[in-house]
Amino acid sequence: MFLDEARIYVKAGDGGNGCVAFRREKFVPRGGPSGGDGGRGGDVVLESSQAHNTLIHFRFNREFKAGRGRHGEGSNCTGQAADDLVVRVPTGTVVYDQETGAVLHDFATPNDRVIICRGGRGGRGNARYATPTHRAPREHEDGFPGQERRLKLELKLLADVGLVGFPNAGKSTLLARVSAARPKIADYPFTTLEPNLGVVAVDPGNPDGGPSFVMADIPGLIEGAHEGHGLGDQFLRHVERTRLLAHLLDVSGDWETPEAAAEAARHDFEVIMEELRQFDPHLAAKPMVVVASKIDSMQNRSRLESLEELCRARNLELFPISSHTGEGIDRLTHALVERLAEIRAAEALTVIVEAPHMPVRAT
(Lines give C-alpha, C1' and ligand atoms only; values in the text may rest on other atoms or scores of the structure.)
Protein backbone atom coordinates (compact mmCIF):
# COMPACT_ATOMS: atom_id res chain seq x y z
CA MET A 1 0.00 0.00 0.00
CA PHE A 2 1.31 3.43 -0.94
CA LEU A 3 0.96 6.15 1.68
CA ASP A 4 2.41 9.61 1.04
CA GLU A 5 0.91 11.62 3.91
CA ALA A 6 1.03 11.03 7.65
CA ARG A 7 0.46 12.93 10.87
CA ILE A 8 2.42 11.96 13.94
CA TYR A 9 3.00 13.16 17.50
CA VAL A 10 6.57 13.30 18.81
CA LYS A 11 7.77 14.13 22.30
CA ALA A 12 11.30 14.34 23.63
CA GLY A 13 12.14 12.89 27.03
CA ASP A 14 11.79 14.89 30.22
CA GLY A 15 14.84 15.58 32.32
CA GLY A 16 15.37 13.65 35.55
CA ASN A 17 14.77 15.32 38.91
CA GLY A 18 17.62 16.46 41.11
CA CYS A 19 18.27 14.48 44.29
CA VAL A 20 18.22 15.58 47.94
CA ALA A 21 20.84 13.58 49.82
CA PHE A 22 23.47 14.06 52.51
CA ARG A 23 26.76 12.28 52.90
CA ARG A 24 26.65 9.81 55.80
CA GLU A 25 29.98 8.04 56.03
CA LYS A 26 32.16 6.85 58.87
CA PHE A 27 35.07 9.14 59.69
CA VAL A 28 33.55 11.94 57.54
CA PRO A 29 31.82 14.28 59.99
CA ARG A 30 29.43 16.82 58.54
CA GLY A 31 29.68 15.31 55.05
CA GLY A 32 27.27 17.85 53.70
CA PRO A 33 24.82 17.71 50.76
CA SER A 34 25.53 15.10 48.08
CA GLY A 35 22.44 15.04 45.87
CA GLY A 36 23.31 14.69 42.18
CA ASP A 37 21.68 16.28 39.14
CA GLY A 38 19.07 14.55 37.02
CA GLY A 39 19.93 13.14 33.59
CA ARG A 40 18.99 14.77 30.33
CA GLY A 41 15.97 13.49 28.41
CA GLY A 42 16.41 11.88 25.01
CA ASP A 43 16.03 13.87 21.77
CA VAL A 44 13.71 12.85 18.92
CA VAL A 45 15.76 12.62 15.74
CA LEU A 46 14.34 12.24 12.23
CA GLU A 47 16.58 10.48 9.71
CA SER A 48 16.04 9.96 5.99
CA SER A 49 16.43 6.37 4.86
CA GLN A 50 16.47 4.67 1.48
CA ALA A 51 15.11 1.51 3.08
CA HIS A 52 11.63 3.09 3.12
CA ASN A 53 9.74 4.31 0.07
CA THR A 54 6.34 5.09 1.63
CA LEU A 55 4.97 6.36 4.94
CA ILE A 56 3.00 3.17 5.54
CA HIS A 57 4.89 2.44 8.78
CA PHE A 58 3.22 5.54 10.31
CA ARG A 59 -0.28 4.27 9.59
CA PHE A 60 -0.83 2.59 12.98
CA ASN A 61 2.12 3.89 15.02
CA ARG A 62 1.62 7.64 15.27
CA GLU A 63 3.16 8.50 18.65
CA PHE A 64 6.89 8.57 19.28
CA LYS A 65 8.24 9.41 22.72
CA ALA A 66 11.86 9.42 23.78
CA GLY A 67 12.87 8.16 27.22
CA ARG A 68 13.24 10.45 30.20
CA GLY A 69 16.50 10.96 32.06
CA ARG A 70 17.08 9.13 35.32
CA HIS A 71 16.81 11.01 38.56
CA GLY A 72 19.93 12.12 40.38
CA GLU A 73 21.31 9.96 43.18
CA GLY A 74 23.33 10.36 46.34
CA SER A 75 27.11 10.59 46.49
CA ASN A 76 26.92 13.33 43.85
CA CYS A 77 25.88 10.80 41.18
CA THR A 78 24.31 12.37 38.12
CA GLY A 79 21.36 10.49 36.63
CA GLN A 80 21.91 8.67 33.35
CA ALA A 81 20.94 10.56 30.21
CA ALA A 82 18.29 8.86 28.05
CA ASP A 83 19.06 7.56 24.57
CA ASP A 84 17.86 9.52 21.57
CA LEU A 85 14.87 8.18 19.64
CA VAL A 86 15.60 7.89 15.90
CA VAL A 87 12.56 7.90 13.62
CA ARG A 88 13.32 6.99 10.00
CA VAL A 89 11.42 8.55 7.12
CA PRO A 90 11.76 7.98 3.35
CA THR A 91 14.15 10.19 1.43
CA GLY A 92 12.08 12.97 -0.12
CA THR A 93 9.90 13.59 2.95
CA VAL A 94 8.99 17.16 3.87
CA VAL A 95 8.25 17.76 7.56
CA TYR A 96 5.70 20.43 8.52
CA ASP A 97 4.62 21.76 11.89
CA GLN A 98 0.97 20.76 11.94
CA GLU A 99 -0.12 23.75 14.03
CA THR A 100 1.70 26.54 12.17
CA GLY A 101 2.19 24.93 8.75
CA ALA A 102 5.87 25.93 8.75
CA VAL A 103 8.38 23.70 6.96
CA LEU A 104 10.72 22.26 9.58
CA HIS A 105 12.96 20.22 7.29
CA ASP A 106 13.16 18.82 3.78
CA PHE A 107 14.87 15.43 3.54
CA ALA A 108 16.10 15.75 -0.03
CA THR A 109 19.16 13.53 0.48
CA PRO A 110 19.59 10.12 2.14
CA ASN A 111 21.07 9.69 5.62
CA ASP A 112 20.16 13.25 6.58
CA ARG A 113 19.50 13.75 10.30
CA VAL A 114 17.77 16.56 12.19
CA ILE A 115 16.79 16.93 15.84
CA ILE A 116 13.09 17.72 15.68
CA CYS A 117 12.48 17.82 19.48
CA ARG A 118 15.11 18.38 22.15
CA GLY A 119 15.07 16.58 25.46
CA GLY A 120 14.61 18.42 28.73
CA ARG A 121 17.54 19.36 30.94
CA GLY A 122 17.95 17.47 34.18
CA GLY A 123 17.15 19.23 37.45
CA ARG A 124 19.84 20.28 39.93
CA GLY A 125 20.44 18.31 43.11
CA ASN A 126 20.79 19.89 46.53
CA ALA A 127 24.61 19.82 46.28
CA ARG A 128 24.30 22.66 43.76
CA TYR A 129 22.55 24.85 46.35
CA ALA A 130 25.26 24.66 49.00
CA THR A 131 26.84 27.99 49.96
CA PRO A 132 29.09 29.10 52.84
CA THR A 133 26.02 30.35 54.67
CA HIS A 134 23.59 27.63 53.59
CA ARG A 135 25.48 24.44 54.21
CA ALA A 136 22.61 21.95 54.46
CA PRO A 137 20.23 22.82 51.62
CA ARG A 138 17.16 20.71 51.12
CA GLU A 139 16.17 22.36 47.88
CA HIS A 140 16.28 20.54 44.58
CA GLU A 141 15.08 21.18 41.04
CA ASP A 142 12.68 19.08 38.99
CA GLY A 143 13.68 18.06 35.50
CA PHE A 144 12.57 20.25 32.61
CA PRO A 145 9.99 18.83 30.17
CA GLY A 146 11.08 17.83 26.70
CA GLN A 147 9.75 19.50 23.58
CA GLU A 148 6.68 18.06 21.89
CA ARG A 149 5.23 18.62 18.44
CA ARG A 150 2.56 17.43 16.08
CA LEU A 151 4.05 16.88 12.65
CA LYS A 152 2.67 16.48 9.17
CA LEU A 153 4.82 14.37 6.83
CA GLU A 154 4.52 14.63 3.06
CA LEU A 155 6.45 12.34 0.76
CA LYS A 156 7.65 13.64 -2.60
CA LEU A 157 9.20 10.91 -4.69
CA LEU A 158 12.68 11.52 -6.05
CA ALA A 159 12.79 10.89 -9.80
CA ASP A 160 14.53 12.36 -12.85
CA VAL A 161 11.61 12.12 -15.30
CA GLY A 162 7.93 12.45 -14.42
CA LEU A 163 5.18 11.11 -16.69
CA VAL A 164 2.03 13.25 -16.81
CA GLY A 165 -1.07 13.05 -18.95
CA PHE A 166 -4.68 11.93 -19.13
CA PRO A 167 -5.78 8.53 -17.80
CA ASN A 168 -5.09 5.73 -20.31
CA ALA A 169 -2.53 7.85 -22.15
CA GLY A 170 -0.01 4.99 -21.94
CA LYS A 171 2.14 6.14 -19.00
CA SER A 172 2.16 2.82 -17.13
CA THR A 173 2.73 0.86 -20.34
CA LEU A 174 5.72 3.05 -21.18
CA LEU A 175 7.18 2.60 -17.68
CA ALA A 176 6.77 -1.17 -17.91
CA ARG A 177 8.39 -1.17 -21.37
CA VAL A 178 11.56 0.72 -20.44
CA SER A 179 12.10 -0.49 -16.84
CA ALA A 180 11.62 -3.49 -14.61
CA ALA A 181 8.63 -1.85 -12.88
CA ARG A 182 5.33 -3.71 -13.22
CA PRO A 183 2.50 -1.24 -12.67
CA LYS A 184 -1.10 -2.30 -13.15
CA ILE A 185 -2.16 -1.96 -16.80
CA ALA A 186 -5.75 -2.25 -18.06
CA ASP A 187 -8.02 -0.78 -20.73
CA TYR A 188 -10.09 1.41 -18.38
CA PRO A 189 -9.39 4.86 -16.88
CA PHE A 190 -7.65 5.40 -13.54
CA THR A 191 -5.86 2.08 -13.58
CA THR A 192 -2.95 3.72 -11.78
CA LEU A 193 -4.06 4.71 -8.29
CA GLU A 194 -0.62 5.41 -6.84
CA PRO A 195 2.73 6.63 -8.21
CA ASN A 196 5.19 4.05 -9.51
CA LEU A 197 8.96 4.32 -9.90
CA GLY A 198 11.23 2.53 -12.35
CA VAL A 199 14.93 2.68 -13.21
CA VAL A 200 15.48 3.07 -16.95
CA ALA A 201 18.75 1.60 -18.25
CA VAL A 202 19.38 3.12 -21.68
CA ASP A 203 22.12 0.67 -22.69
CA PRO A 204 21.66 -2.50 -20.61
CA GLY A 205 24.17 -4.44 -22.73
CA ASN A 206 26.99 -2.07 -21.82
CA PRO A 207 29.45 -3.80 -19.43
CA ASP A 208 29.86 -0.50 -17.56
CA GLY A 209 26.12 -0.30 -17.00
CA GLY A 210 25.54 2.67 -19.29
CA PRO A 211 23.51 5.76 -18.41
CA SER A 212 20.30 5.36 -16.42
CA PHE A 213 17.65 7.50 -14.79
CA VAL A 214 14.60 7.14 -12.55
CA MET A 215 11.15 7.56 -14.10
CA ALA A 216 7.96 8.22 -12.12
CA ASP A 217 4.48 7.30 -13.34
CA ILE A 218 1.86 9.64 -11.86
CA PRO A 219 -1.88 8.80 -11.80
CA GLY A 220 -3.75 10.45 -14.65
CA LEU A 221 -5.18 13.95 -14.54
CA ILE A 222 -8.48 15.15 -15.92
CA GLU A 223 -9.98 18.60 -16.38
CA GLY A 224 -10.80 20.10 -12.99
CA ALA A 225 -8.31 17.94 -11.09
CA HIS A 226 -7.27 20.96 -8.99
CA GLU A 227 -10.91 21.11 -7.80
CA GLY A 228 -10.87 17.45 -6.79
CA HIS A 229 -12.27 15.88 -9.96
CA GLY A 230 -11.10 12.35 -10.65
CA LEU A 231 -8.18 11.55 -8.36
CA GLY A 232 -7.51 15.28 -8.02
CA ASP A 233 -4.00 16.69 -7.97
CA GLN A 234 -2.93 14.97 -4.75
CA PHE A 235 -0.14 13.09 -6.54
CA LEU A 236 1.34 16.06 -8.41
CA ARG A 237 3.68 16.75 -5.50
CA HIS A 238 5.65 13.72 -6.66
CA VAL A 239 6.77 15.46 -9.85
CA GLU A 240 7.82 18.67 -8.09
CA ARG A 241 11.33 17.29 -7.61
CA THR A 242 11.70 15.84 -11.10
CA ARG A 243 14.12 17.51 -13.49
CA LEU A 244 12.14 16.79 -16.65
CA LEU A 245 8.48 16.17 -17.50
CA ALA A 246 7.30 13.83 -20.24
CA HIS A 247 3.80 14.83 -21.34
CA LEU A 248 2.03 11.83 -22.92
CA LEU A 249 -0.82 12.33 -25.39
CA ASP A 250 -2.79 9.48 -26.93
CA VAL A 251 -2.93 9.77 -30.74
CA SER A 252 -4.97 6.61 -31.32
CA GLY A 253 -8.67 6.68 -32.14
CA ASP A 254 -10.64 8.23 -34.97
CA TRP A 255 -12.37 11.58 -35.49
CA GLU A 256 -14.96 12.69 -38.00
CA THR A 257 -12.80 15.44 -39.47
CA PRO A 258 -9.10 16.35 -39.33
CA GLU A 259 -10.11 19.65 -37.75
CA ALA A 260 -11.83 17.84 -34.88
CA ALA A 261 -8.73 15.70 -34.32
CA ALA A 262 -6.49 18.77 -34.27
CA GLU A 263 -8.76 20.61 -31.87
CA ALA A 264 -8.90 17.59 -29.55
CA ALA A 265 -5.09 17.38 -29.47
CA ARG A 266 -4.72 21.05 -28.56
CA HIS A 267 -7.47 20.77 -25.95
CA ASP A 268 -5.89 17.75 -24.25
CA PHE A 269 -2.49 19.44 -24.13
CA GLU A 270 -3.84 22.69 -22.68
CA VAL A 271 -5.97 20.92 -20.05
CA ILE A 272 -2.97 19.14 -18.55
CA MET A 273 -0.84 22.29 -18.68
CA GLU A 274 -3.57 24.28 -16.92
CA GLU A 275 -3.82 21.67 -14.16
CA LEU A 276 -0.06 21.88 -13.65
CA ARG A 277 -0.25 25.68 -13.48
CA GLN A 278 -3.13 25.55 -10.99
CA PHE A 279 -1.12 23.24 -8.73
CA ASP A 280 2.17 25.15 -8.99
CA PRO A 281 3.23 27.66 -11.69
CA HIS A 282 6.83 26.44 -11.37
CA LEU A 283 5.69 22.92 -12.24
CA ALA A 284 4.29 24.03 -15.59
CA ALA A 285 7.56 25.87 -16.31
CA LYS A 286 9.73 22.75 -15.89
CA PRO A 287 11.63 21.40 -18.93
CA MET A 288 9.28 19.19 -20.91
CA VAL A 289 9.12 16.82 -23.86
CA VAL A 290 5.90 15.72 -25.55
CA VAL A 291 5.31 12.03 -26.26
CA ALA A 292 2.71 10.93 -28.80
CA SER A 293 1.76 7.45 -27.61
CA LYS A 294 -0.06 4.51 -29.24
CA ILE A 295 0.97 5.32 -32.81
CA ASP A 296 0.45 1.65 -33.65
CA SER A 297 -3.32 2.23 -33.20
CA MET A 298 -3.40 5.57 -35.02
CA GLN A 299 -6.34 5.80 -37.47
CA ASN A 300 -5.21 9.00 -39.18
CA ARG A 301 -2.33 11.43 -38.87
CA SER A 302 -4.41 14.55 -38.21
CA ARG A 303 -3.93 14.43 -34.45
CA LEU A 304 -0.19 13.74 -34.73
CA GLU A 305 0.28 16.54 -37.28
CA SER A 306 -1.56 18.93 -34.97
CA LEU A 307 0.78 17.98 -32.14
CA GLU A 308 3.79 18.57 -34.38
CA GLU A 309 2.55 22.10 -35.15
CA LEU A 310 1.83 22.74 -31.48
CA CYS A 311 5.30 21.59 -30.41
CA ARG A 312 7.02 23.69 -33.07
CA ALA A 313 5.11 26.76 -31.87
CA ARG A 314 6.12 26.09 -28.26
CA ASN A 315 9.67 24.96 -29.04
CA LEU A 316 9.06 21.49 -27.59
CA GLU A 317 10.43 18.16 -28.79
CA LEU A 318 7.87 15.58 -29.95
CA PHE A 319 8.51 11.83 -29.82
CA PRO A 320 5.97 9.50 -31.46
CA ILE A 321 6.20 6.07 -29.80
CA SER A 322 4.46 2.74 -29.48
CA SER A 323 5.07 1.00 -26.18
CA HIS A 324 3.44 -2.13 -27.61
CA THR A 325 5.73 -2.55 -30.63
CA GLY A 326 8.73 -0.61 -29.27
CA GLU A 327 8.75 1.90 -32.12
CA GLY A 328 10.44 5.17 -31.11
CA ILE A 329 11.32 3.95 -27.59
CA ASP A 330 15.10 3.98 -28.08
CA ARG A 331 15.00 7.47 -29.59
CA LEU A 332 12.93 8.70 -26.64
CA THR A 333 15.13 7.21 -23.91
CA HIS A 334 18.36 8.48 -25.50
CA ALA A 335 16.83 11.95 -25.86
CA LEU A 336 15.77 11.91 -22.20
CA VAL A 337 19.32 11.01 -21.14
CA GLU A 338 20.73 13.88 -23.21
CA ARG A 339 18.23 16.38 -21.81
CA LEU A 340 18.92 15.24 -18.25
CA ALA A 341 22.66 15.63 -18.81
CA GLU A 342 22.10 19.21 -20.01
CA ILE A 343 19.89 19.98 -17.01
CA ARG A 344 22.40 18.52 -14.55
CA ALA A 345 25.21 20.50 -16.17
CA ALA A 346 23.18 23.69 -15.82
CA GLU A 347 22.47 22.90 -12.15
CA ALA A 348 26.17 22.33 -11.49
CA LEU A 349 27.20 25.74 -12.81
CA THR A 350 28.14 28.15 -10.06
CA VAL A 351 27.47 31.82 -10.30
CA ILE A 352 30.77 33.67 -10.59
CA VAL A 353 30.58 37.09 -9.04
CA GLU A 354 33.00 39.47 -10.75
CA ALA A 355 35.36 41.30 -8.49
CA PRO A 356 34.95 45.06 -8.41
CA HIS A 357 37.11 46.92 -10.87
CA MET A 358 40.34 48.08 -9.28
CA PRO A 359 42.44 50.79 -10.87
CA VAL A 360 45.80 49.67 -12.16
CA ARG A 361 48.71 51.43 -10.50
CA ALA A 362 51.23 52.81 -12.95
CA THR A 363 54.79 51.64 -12.48
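A few words now on the overall build of the chain. For the chain, the count of helices and strands is 5 helices and 14 strands. By residue count, 45% of the 363 residues in the chain fall in the buried class. For the chain, restricting intrachain contacts to residue pairs at least 6 apart in sequence, the fraction spanning at least 24 positions comes to 74%. Of the roughly 19700 Å² of accessible surface on the chain, 49% is carried by carbon and sulfur atoms.

The relative placement of two packed helices is expressed as an angle between their axes plus a distance between the axes. At their nearest, the axes of helix α1 (residues 171-178) and helix α5 (residues 329-348) sit 12 Å apart, and the two run at 85 degrees to each other. Considering their axes alone, α1 and α5 lie roughly perpendicular with respect to each other. Residues Leu174, Arg177 and Val178 of α1 form the contact with α5, whose participating residues are Ile329, Leu332 and Thr333. Residues of the contact of α1 with α5, tallied by class, amount to 4 nonpolar, 1 polar and 1 charged.

Running from N to C, helix α2 (residues 258-279) and helix α4 (residues 302-314) point in directions that differ by 50 degrees, and their axes come no closer than 8 Å. Judged on the interaxial angle alone, α4 and α2 are oblique. As for the relative orientation of α2 and α4, their crossing is right-handed in sense. Residue-level inspection shows Pro258, Ala261, Ala262, Ala264, Ala265, Arg266, Asp268, Phe269 and Glu270 of α2 in contact with α4, the latter providing Ser302, Arg303, Ser306, Leu307, Leu310 and Arg314. Across the contact of α2 with α4, the residue classes tally to 8 nonpolar, 2 polar and 5 charged.

A separate point is the sheet that holds strand β7 (residues 113-117). Taking strand neighbours across the sheet as the criterion, the 3 strands line up as β4-β2-β7 in an open arrangement whose pairing is mixed. Each end of this open sheet is capped by a strand with a single partner; those strands are β4 (85-90) and β7. Each strand of the sheet is rotated relative to its neighbour by a mean of 35 degrees, with strand direction disregarded. Direction of pairing for strand β2 (residues 44-49) relative to β7: antiparallel, over a ladder of 4 bridges. Following the sheet pairing, Glu47 is matched in β7 by Arg113.

What follows covers the side chain of Lys156. Residue position: Lys156 is located in the loop between β8 (148-155) and β9 (161-165). Here Lys156 falls in the buried class, since its relative accessible area comes to 13%. At 2.6 Å, the side chain of Lys156 and the side chain of Glu240 are in polar contact.

Now for the confidence of the model for the chain. In the predicted model, the chain carries a mean pLDDT of 84, and 87% of its residues have values of at least 70. In the predicted structure, residues 350-363 sits below a pLDDT of 50 and forms 0 contacts with residues beyond four places in sequence or in another chain.

Bringing the layout of surface pockets into the picture now. Where empty space is left becomes clear once a probe the size of a water molecule has been rolled over the atoms. In this structure, the second largest pocket spans a volume of roughly 200 Å³. Of the residues belonging to the lining of the second largest pocket, the class tally is 6 nonpolar, 5 polar and 1 charged.

Further remarks concern the pairing of strand β10 (residues 196-201). Burial along β10 is one-sided: the residues Asn196, Gly198 and Val200 are buried and none of Leu197, Val199 and Ala201 is. Bridge analysis of β10 against strand β11 (residues 212-217) gives 6 bridges, and the strand direction is antiparallel. Along β11, the bridge assignment pairs Val199 with Val214.

To continue, consider the environment of Glu73. Relative to the assigned elements, Glu73 resides in the loop between β3 (63-65) and β4. It is 8.0 Å that separates the C-alpha atoms of Glu73 and Gly38, two residues lying 35 residues apart in sequence. Contact partners of Glu73, with chain neighbours within four places excluded, come to Cys19, Ser34, Gly35 and Gly36. Of the polar contacts made by the side chain of Glu73, one reaches the side chain of Arg70; its length is 3.2 Å.

Topologically, Asp106 is positioned in strand β6 (residues 103-106). Distance in space between the C-alpha atoms of Asp106 and Ser48 is 9.6 Å, their sequence separation being 58 residues. When near neighbours in sequence (up to four residues on either side) are disregarded, Asp106 contacts Thr93, Val94, Asp112 and Arg241. Reaching out from Asp106, the side chain makes a polar contact with the side chain of Arg241 at a distance of 2.5 Å.

Turning our attention to α5. Here α5 spans 29 Å end to end across 20 residues, near enough to the 28 Å set by a 1.5 Å rise per residue. Burial in α5 covers these residues: Ile329, Leu332, Thr333, Ala335, Leu336, Val337, Arg339, Leu340 and Ile343.

Basis of the calculations
- Residues numbered from 1 in each chain as written.
- Predicted model: local features only at pLDDT ≥ 70, side-chain atom pairs only at ≥ 80, totals over all residues.
- Heavy atoms only, no water.
- Helix = DSSP H or I, 4+ residues; strand = E, 2+ residues; numbered from the N terminus.
- Buried < 20%, exposed > 50% of the residue type's maximum accessible area, 1.4 Å probe, protein only.
- Contact = heavy atoms within 4.5 Å.
- Areas by Shrake-Rupley, 256 points an atom, 1.4 Å probe, with all protein chains shown as cover.
- Axes fitted to C-alpha atoms, helices over the stretch in contact; angles between N-to-C directions.
- Parallel < 35°, antiparallel > 145°, perpendicular 65-115°, else oblique.
- Nonpolar A, V, L, I, M, F, W, Y, C, P; charged D, E, K, R; others polar.
- Left-handed = near helix turned anticlockwise from the far one by under 90°.
- Pairing = 2+ DSSP bridges.
- Polar contact = N/O pair within 3.5 Å; in protein donor to acceptor, adjacent residues only side chain to side chain.
- pLDDT = per-residue confidence, 0-100.
- 1 Å grid on protein atoms, 1.4 Å probe; cavity = no way out; pocket = protein on both sides within 12 Å on 5 of 7 lines; lining within 4 Å.
- Points joined across faces, edges and corners; volume = space filled by probe spheres on them.
- Expected span 1.5 Å × (residues − 1).

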